[in-house]
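# Overview (structure and organization)
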Amino acid sequence: MDKLKAIRFFLKLCETLSFKGTASHFGVPPSTVSRSLKALEEELGVSLVERTTRRIRLTEAGEWYRDEVAGPLRALAAADDMAKAQSQEPAGIVRITALPGYGEIRLFPALDRLRAEYPHIVCDLEFTNGYLDLSSGEIDIAIRSMAQPPDYLVAKRLHDNRWILVASPEYIAKNGQPKTYSDIENHPALAYRGPRGVTSWLAILHSGEVVTTPRNLRLITNDGMQIIKVTEAGEGIAFLPHWGVSQSIAEGKLQEITLDDARISLSTGPEPSIFLLYDPSRARLGKIRATVNFLREALSDP
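The terminal C-alpha atoms of helix α3 (residues 30-44), which comprises 15 residues, lie 21 Å apart, in line with the 21 Å expected from a rise of 1.5 Å per residue. All of the buried residues in α3 are V33, S36, L37, L40 and E41. The buried residues of α3 occupy one face: seen down the axis, they fall within an arc of 135 degrees. Opposite the buried face of α3, at more than 90 degrees from it, the exposed residues are R35 and E42.

If you want it as structure tokens, here you go:
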């Protein structure tokens, strides 16, 4: 007797309560299902189903046996699928979430290259500042800024999340630049609005004192790309992540501003970093493993 096949027949019979229906599902004669079930019952020494001319129903032992073997058989089927996937080219949908600005500036170009290398991977993207729980299985990979990643996820640090003051060279040539944190109020400020409201600029003085920097707000938006665009156009100064403006600085469109008496920060807590997060159990899938490895190399600082 092929016991594994007999158990599969039995579990399908539990669903259909029909030898004919079970046989049709597996593409075998009803007599094959009947003989396999009888052999399984003989080996176990117990009746699993009661057969009459009108209906089939599970015995008490049959119900217990079904409950005990269903889980392991599902796990076996999942392991079979996982093993098959390892021998094939990575394929399927990979669900990714990232911060909106990071997605547009850093992730989109990386995913262009990912699709070229893995044409059968389909990226399902959601850009949001909100928290999405990877344990629900609805998201495969998250790219987030945080100081301490959760223990239940694998967290691969990509790079720091250092923010800097910037303005265009044209703006600085025309208006000068702040030398101290109190000078900032004399310049139009372009501010970012996050999920908790407009982000404050905290001045951490060299003495260790922390004060809120006064600002003359000219623009407030939750669109980081728009802030970069307006700053490059010379409309004021902005406080933006280095990863978002490094290209503009390299091209001479923006210039970093440093102060003599303080550094500007978003918070007084530990310095956050950009992490790539994923559930370790999902990494066994070829499509997830390939995407994780590719993005780590593409997005990490050299």
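Next comes the rest of the write-up.
The next subject is the packing of aromatic side chains. If you walk through the whole model with that rule in mind, you get six aromatic pairs. Centroid distance Y102 to W243: 4.8 Å. Interplanar angle 70 degrees. Geometry classified as edge-to-face. With Y102 in helix α5 (residues 100-117) and W243 in helix α8 (residues 242-250), this residue pair connects regions lying 141 residues apart in the sequence. A relative accessible area of 9% means that W243 is categorised as buried. Look at W201 and F239: their rings are 6.0 Å apart centre to centre, the planes differ by 55 degrees, and that puts the pair in the tilted class. Note that W201 is positioned in the loop between β9 (197-198) and β10 (202-205) and F239 in strand β13 (residues 237-241), a separation of 38 residues in sequence. Note on accessibility: W201 and F239 belong to one class, buried. Three or more aromatic residues joined by ring pairs form one cluster here, namely W163, W201 and F239.

Reading guide: rules and limits
- Residues numbered from 1 in each chain as written.
- Predicted model: local features only at pLDDT ≥ 70, side-chain atom pairs only at ≥ 80, totals over all residues.
- Heavy atoms only, no water.
- Helix = DSSP H or I, 4+ residues; strand = E, 2+ residues; numbered from the N terminus.
- Expected span 1.5 Å × (residues − 1).
- Buried < 20%, exposed > 50% of the residue type's maximum accessible area, 1.4 Å probe, protein only.
- Arc of directions from axis to C-beta.
- Phe/Tyr/Trp six-rings, centres within 6.5 Å; stacked < 30°, edge-to-face > 60°.

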